[in-house]
Amino acid sequence: MKKKLNILIASSEVVPFAKTGGLADVVGALPKELQKMEHDIKIVMPRYYNISKEKWNLKPIGGPLGTPMGTLGEVWCGVLEGKLPGTDISVYFIEQEQYFGRKGIYNEENGEGFLDNDNRFTFFSKACLQLCKMLNFKPDLVHVNDWQTAAIPVFLNTTYKNDPLLKDAATLLTIHNMQHQGNFYPGLMEVLDIGWEHFNFLELECNDEVNLLKGAIYNSTLINTVSKGYAREIQTPEYGWGLEDVIKERSNDLFGIVNGIDYDEWNPESDKFISANYSVKDLSGKAECKKDLQKLFGLPEKPDVPIVGIVSRLARQKGIDIIAEAIYGLLDYDIQIVILGTGEVWSHFYFGEAAGKFPDKIGCHIGYDNALAHKIEAGADFFLMPSRFEPCGLNQLYSLRYGTIPIVRATGGLEDTIENYNEATGEGTGFKFYDLNAKALYNSIGWALYTYYNKKDAMQKLIKQAMTKRFTWENSAKEYENLYYQAVKKRIGEERFKSFELPKKTIKKVSSKSIKEDILEPAY
Ligand code: ADP
Ligand code: GLC
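Residues numbered from 1 in each chain as written. Chains lettered and ligands numbered in written order. Predicted model: local features only at pLDDT ≥ 70, side-chain atom pairs only at ≥ 80, totals over all residues. Heavy atoms only, no water.

Novice: Explain the overall build of the protein chain residue by residue, including any values.
Specialist: Of the regular secondary structure elements, the protein chain holds 18 helices and 20 strands. Whereas a compact globule of 524 residues would reach a radius of gyration of roughly 24 Å, the protein chain reaches 25 Å, a difference of no more than 12%. With the principal axes as the frame, the protein chain shows a C-alpha extent of 75 × 65 × 45 Å. Each of the 524 residues in the protein chain was classed as buried or not, and the buried ones make up 57%. Of the roughly 22,400 Å² of accessible surface on the protein chain, a fraction of 51% belongs to carbon and sulfur atoms. (Helix = DSSP H or I, 4+ residues; strand = E, 2+ residues; numbered from the N terminus. Rg over C-alpha atoms; globule rule 2.2 N^0.38 Å. Buried < 20%, exposed > 50% of the residue type's maximum accessible area, 1.4 Å probe, protein only. Areas by Shrake-Rupley, 256 points an atom, 1.4 Å probe, with all protein chains shown as cover.)

Novice: Which residues make up the side chain of His176, and what values do they have?
Specialist: Here His176 shows up in the loop between β7 (170-175) and β8 (183-184). Assessed through its relative accessible area of 10%, His176 is described here as buried. Setting aside residues no more than four positions away along its own chain, His176 makes contact with Leu23, Val26, Asn145, Asp146, Val226 and Pro391. (Contact = heavy atoms within 4.5 Å.)

Novice: Describe in detail the site of ligand 2, supporting the description with residues and values.
Specialist: The immediate surroundings of ligand 2 are formed by 13 residues, with His176, Asn259, Gln317, Glu390 and Gly393 found nearest. Cys392 is positioned such that a nitrogen or oxygen atom in its backbone is 3.0 Å from an oxygen atom of ligand 2. Measuring from an oxygen atom of ligand 2, one finds a backbone N or O atom of Gly393 at 2.8 Å. Starting from 310 Å² of accessible surface for ligand 2 in isolation, the protein chains cover 93%. Looking at the shell around ligand 2, the element that brings in the most residues is helix α1 (residues 22-36), giving three residues. The residues that make up the shell around ligand 2 include at least three from each of domain 1 (6-260 + 478-499) and domain 2 (284-467). (Near = heavy atom within 4 Å. Polar contact = N/O pair within 3.5 Å; in protein donor to acceptor, adjacent residues only side chain to side chain. Domains from an automatic or database assignment.)

Novice: Outline the nonpolar core, listing residues and values.
Specialist: Counting residues in hydrophobic clusters, the biggest one holds 105 residues, and the most contacted among them are Leu212, Ile217 and Tyr484. Here the element with the most residues in this core is helix α18 (residues 473-497); it accounts for ten residues. Not counting residues up to four positions away in its chain, the partners in contact with Tyr484 are Leu5, Ile7, Ile9, Leu30, Leu34, Leu141, His143 and Leu172. Judged by nonpolar contacts, the second largest core, of 69 residues, contains Leu384, Val408, Ile418 and Ala458. (Core = buried A, V, L, I, M, F, W, Y, C linked by side-chain atoms within 4.5 Å.)

Novice: Run through the site of ligand 1, naming residues and quoting values.
Specialist: Around ligand 1, the surrounding shell holds 20 residues, and the nearest of these are Gly22, Arg313, Lys318, Gly367 and Leu394. At a separation of 2.8 Å, a nitrogen atom of ligand 1 approaches a polar backbone atom of Gly367. Asp369 is positioned with one of its backbone polar atoms (N or O) 3.0 Å from a nitrogen atom of ligand 1. Contact with the protein chains covers 94% of the free accessible surface of ligand 1, which is 560 Å². For the shell around ligand 1, the secondary-structure elements that each account for two or more residues are α1, β13 (307-314), β14 (336-343), α13 (370-379) and α14 (395-401). Ranked by residue count, the leading element in the shell around ligand 1 is β13, at three residues. A domain-level breakdown of the shell around ligand 1 finds at least three residues from each of domain 1 (6-260 + 478-499) and domain 2 (284-467).

See below:
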């Protein structure tokens, strides 16, 4: 049995407050499981302009919080406290008008990153640690996510290395996406204010710029990615985005933990967004959902024409250029395609135009719409994810749950979570392809459609197999807990870690002859 941990989780996105992608889903869900294990969890995120104080009942705490920002001087902010809905986990919101009092999380409306993202997230990272001091919260571990909070492990090993409250805090860096590293002009060193000696090729310097993710890879106690496959991939030039050698140096401390999904939110048996509920035992509601989806997208209401659904950030990462290349060719098939997404502006026009030209076959909604995402998961027959790289991916997991068969490129989390259909045995949960090109995509969809039309029993079996797969947060949270303890042990050393080992409980058992002691087995 081990002592429970004080854990600070820092993230730039948390569901339901702010989300651009799966990072928010992860940080909104993992803490709930960790709390069931009785750890003391605190979450911290920026208070973006559109996070309503009234809606989430956010209350100011303490006075203004000062955060030293090197040559920029002291930057002051407010702190608001709210709760992660449905729990009593505190979420702290860092409120700073100049940095977060604007529309958008990372980007201008035209998709360009804000020019001061370096200062915004350096500030946020440091404010997270200042918050611990304000709350007098001594974290055993700080869990940081992606480049936006990557300065935290750097600060803990420099600015705060002698701070009585923070010096022992271990760190776990979770890399959700290696592409975005937070590289900025070298002058950021003056704002970080940790000394230019850290601007070297081992620590923060990369191609003459400051690279925050690199700094975190160097300084974090342990590191993980969101699937085992991606942990292997980022050690290669194809997926490492220039940091493959840096991450390889830390390969002994690098782990892969696949994301779970929230089975309460994504459950076809109780989903409030879909027109009929259904289950693996009774799939009849799925046909109703399909009809509804066809109606929504103005497609002919034909029950026998397969629908391929796409819900995605429209970014190259997701292989949208491959979809764009293949889409007109795909219309050779008797097929309907529905697309929901936002992202690269060219793709809005491109897919919008395709839907305009072929309204009987393609439906396209440019935007972010959670209810519609649920309807697509429920109403489509197949779900397409031809990702160039995919650290984990959540949509294929939702698709499994909704009996919507994923067609995926075998990379990262997609490779790990989807089992290719085996024609000989009928085993599998989806269709996979390997080459990143339109031809491979076209062939793979062809294979799926052939199965749909000609092997109806095999198709039903696939659907059942998919729907009974489980990727729960309960399992993944146990793996995180394990890593947290390992990290704490590494940070404070084996000797001091002994204080985390609670003595095994003893109970007295009365037998008719003698009294003997029984050792209770630890739960770990
Ligand atoms: P990533 O984080 O790389 O975008 P994930 O698959 O991990 O990919 O997570 C994407 C999340 O965002 C999923 O919850 C998905 O349903 C959601 N999502 C993406 N685009 C949209 C959209 N246009 N409308 C609604 N939800 C979306
Ligand atoms: C990133 C990845 C995605 C992953 C998500 C949550 O956005 O692109 O694959 O599922 O983070 O970890």
